[in-house]
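# Commentary on secondary and tertiary structure
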Amino acid sequence: MTDKRIENVIIVGGACAGYTAAVYAARADLEPLVIEGFQWGGQLQNTTEVENYPGFPEGIMGPELMNRFRAQAERFGTRFITDDATRFELTDGGIHSVWVGDDEYRARTVILAMGAQPKRLGIPGEMELGGRGVSTCGVCDGAFFKGRDVAVIGGGDTAMEDSIFVSKYADRLTVLHRRDDFRASMVMQDRARETANIDFKTPFVPEEFVAGDDGALDHVRIRNAESGDVEELKVGGAFVAIGHIPGSELVAGQVDLHDNGYVKVEEPSTRTNLAGVFAIGDLVDFTYRQAITAAGSGTRGALDAEWYLRDTPPTDEERIEAAEEAAEAV
Ligand code: NDP
């Protein structure tokens, strides 16, 4: 089915960035259509307490925060499709198409907000102990591990940054990495190595997160990558910081991407290389990756789309299609 209507804006992705863009676009009378995904809510849907989102001094549960974002977008007339986008046909300044299965939706602007997923180790206990000791975000969850011994797994800048942040709360922090060499920049490595309560343990591969009697993380079973020896690292918290995978697969080859797969935008705007196509949130941002920064970029995306629509009059073809659509609606 092809929807006759040509939308002002289709937002693809239902989480911090996408819903914020929807609030702004809806309040600008653009009647946005959000293709929010079957499992909308993004990374916050898998988070427990969020303590660093301004406006909630007592904290708020991640899923509840997402419900509120969505409700706020709905209040101003946003329409939602609770399913996954499956195909894109993006143009440079023309009408863009987004498919959900066999259904085609068309729009003058598209805001890409498909986010990023933390990479997982794929070992036993990792998913089961999420929220009970195993986390993928040090900056989000570090403060819950005050006075505990913790591990950060990974050897890139994210692992270093998480370690430095979490070490402010933890008693002892062990950076576990599978090689002796690190991918992290020297400056970040040095900063971590100079921190008194951070130790480095290499080359070790985590094999299992093991719960104690209380059901929370008790230790990580780790294997020495050279000798094969197995040991237990007793920790109350473990942060998996081995990178993220941006959700850019379906738009690769259409919009320009960085080498690491994140969508390129003309900073500080959210414009991609295609006129009328904007990108926001964790799909673009491999540095900050916070709910509040994603929401902020959602605002920029909606304003960029609004200004584009204001400054780019419809083509004759679009005018004819709109007139036909209006006639059919009578
Ligand atoms: P990276 O890809 O740079 O590093 C991932 C790390 O995780 C590597 O050390 C890798 O090991 C390890 N790893 C990957 N898969 C596994 C696995 N299955 N088991 C065990 N270890 C694994 O990701 P980052 O998120 O750290 O950084 C991504 C980008 O963001 C980089 O360009 C980085 O510079 C940037 N960044 C910049 C920051 C800043 O400037 N403040 C902060 C955070 C990120 P191995 O090396 O063996 O492959």
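Residues numbered from 1 in each chain as written. Predicted model: local features only at pLDDT ≥ 70, side-chain atom pairs only at ≥ 80, totals over all residues. Heavy atoms only, no water.

Moving on, we get to the overall build of the protein. Along the backbone of the protein there are 7 helices and 19 strands. Taken over C-alpha atoms, the radius of gyration comes to 22 Å for the protein, in line with the 20 Å a tight globule of 330 residues would show. With respect to the principal axes defined by its C-alpha atoms, the protein has extents near 75 × 40 × 35 Å. A total of 330 residues make up the protein; the buried ones form 48% of that total. Partitioning the intrachain contacts of the protein with sequence separation of at least 6 by distance along the chain shows that 61% fall at a separation of at least 24. Here the protein contributes 32 positive and 56 negative side-chain charges, whose respective centroids are spaced 3 Å apart. (Helix = DSSP H or I, 4+ residues; strand = E, 2+ residues; numbered from the N terminus. Rg over C-alpha atoms; globule rule 2.2 N^0.38 Å. Buried < 20%, exposed > 50% of the residue type's maximum accessible area, 1.4 Å probe, protein only. Contact = heavy atoms within 4.5 Å. Lys, Arg positive; Asp, Glu negative; His and termini not counted. Charge placed at Lys NZ, Arg CZ, Asp CG, Glu CD.)

This next bit is on the sheet that holds strand 13 (residues 198-201). Taken together, 5 strands build an open sheet; the order of strands is 10-17-11-12-13 and the sheet is parallel. In this open sheet, the two edge strands, each paired with only one partner strand, are strand 10 (134-135) and strand 13. Alignment of strand 12 (residues 173-176) against strand 13, held across 4 bridges, turns out to be parallel. Opposite threonine 174, over in strand 13, you have aspartate 199 as the bridge partner. (Pairing = 2+ DSSP bridges.)

Enumeration over the complete set of coordinates arrives at 9 aromatic pairs. Geometrically, the ring pair formed by tyrosine 53 and phenylalanine 69 is edge-to-face, given 5.7 Å between the ring centres and 70 degrees between the ring planes. Taken together, the residues span a long stretch of sequence, with tyrosine 53 in the loop between strand 3 (49-50) and strand 4 (60-61) and phenylalanine 69 in helix 2 (residues 62-75) at a distance of 16 residues. On the basis of relative accessibility, which here comes to 10%, the residue phenylalanine 69 falls in the buried class. Aromatic pair phenylalanine 278 and tyrosine 308: ring centres 6.1 Å apart, planes at 75 degrees, arrangement edge-to-face. You can see phenylalanine 278 sitting in strand 19 (residues 277-279) and its partner tyrosine 308 sitting in helix 6 (residues 291-311), a full 30 residues away along the chain. A relative accessible area of 2% means that phenylalanine 278 is categorised as buried. Here tyrosine 308 falls in the buried class, since its relative accessible area comes to 16%. Put simply, the rings of Tyr19, Trp40 and Phe80 touch in pairs and so form one group of aromatic residues. Against the face of phenylalanine 80 rests arginine 70, its NZ or CZ located 4.1 Å from the ring centre. (Phe/Tyr/Trp six-rings, centres within 6.5 Å; stacked < 30°, edge-to-face > 60°. Lys NZ or Arg CZ within 6 Å of the ring centre and 35° of its normal.)

Another point: the domain arrangement of the protein. Segmenting the protein into domains produces domain 1 (2-117 + 244-329) and domain 2 (120-240). A separation of 34 Å is found between the C-alpha centroids of domain 1 and domain 2. Of the residues lining the interface, 8 residues belong to domain 1; the matching set on domain 2 comes to 8 residues. Summing the contributions of domain 1 and of domain 2, the shared interface buries around 600 Å²; its carbon and sulfur component is 45%. At the surface where domain 1 touches domain 2, the tally comes to 0 salt bridges. Inspection of the domain 1/domain 2 interface yields 1 residue pair in polar contact (both at pLDDT 80 or more). Residue classes in the side of domain 1 that touches domain 2 are distributed as no nonpolar, 5 polar and 3 charged. (Domains from an automatic or database assignment. Buried area = accessible area lost by both parts, 1.4 Å probe. Salt bridge = Lys/Arg side-chain N within 4 Å of Asp/Glu carboxyl O. Polar contact = N/O pair within 3.5 Å; in protein donor to acceptor, adjacent residues only side chain to side chain. Nonpolar A, V, L, I, M, F, W, Y, C, P; charged D, E, K, R; others polar.)

What follows covers the nonpolar core. In this structure, Tyr53, Leu65, Phe69 and Ile111 are the most contacted members of the largest nonpolar core, which totals 33 residues. Listed by contribution, the elements that provide at least two residues to this core are strand 1 (2-12), helix 1 (16-27), helix 2 and helix 6. Not counting residues up to four positions away in its chain, the partners in contact with phenylalanine 69 are Cys16, Tyr19, Thr20, Val23, Tyr53 and Ala295. (Core = buried A, V, L, I, M, F, W, Y, C linked by side-chain atoms within 4.5 Å.)

What follows covers the sheet that holds strand 14 (residues 204-211). Strand order in this open sheet of 3 strands is 14-15-16, and the pairing throughout is antiparallel. Because the sheet does not close on itself, it has two edges, and the strands there are strand 14 and strand 16 (230-234). Each strand axis lies, on average, 30 degrees off the axis of its neighbour in the sheet, ignoring direction. Sheet topology note: the strand 15 (residues 217-224)/strand 16 ladder contains 5 bridges and is antiparallel. (Axes fitted to C-alpha atoms, helices over the stretch in contact; angles between N-to-C directions.)

Turning to the state of the cysteines, a few remarks are in order. One pass over the structure, following the stated rule, counts 1 disulfide. Each sulfur of the disulfide joining cysteine 137 and cysteine 140 lies 2.0 Å from the other. Here cysteine 137 and cysteine 140 share a disulfide; its torsion about the S-S bond, 70 degrees, makes the bridge right-handed. Residue cysteine 16 stays outside any disulfide, its sulfur separated by 10 Å from that of cysteine 140, the closest cysteine. In this structure cysteine 16 comes out as buried when scored by relative accessible area, which is 7%. (Disulfide = S-S within 2.5 Å.)

Turning our attention to a positive patch on the surface. On the surface, Lys119, Arg178, Arg179 and Arg183 cluster together into a patch of positive charge. Within the secondary structure layout, arginine 178 lies in the loop between strand 12 and helix 5 (186-193). (Patch = residues over 30% accessible without salt bridge, like charges linked within 9 Å, V, L, I, M, F, W, Y side chains within 5 Å. Areas by Shrake-Rupley, 256 points an atom, 1.4 Å probe, with all protein chains shown as cover.)

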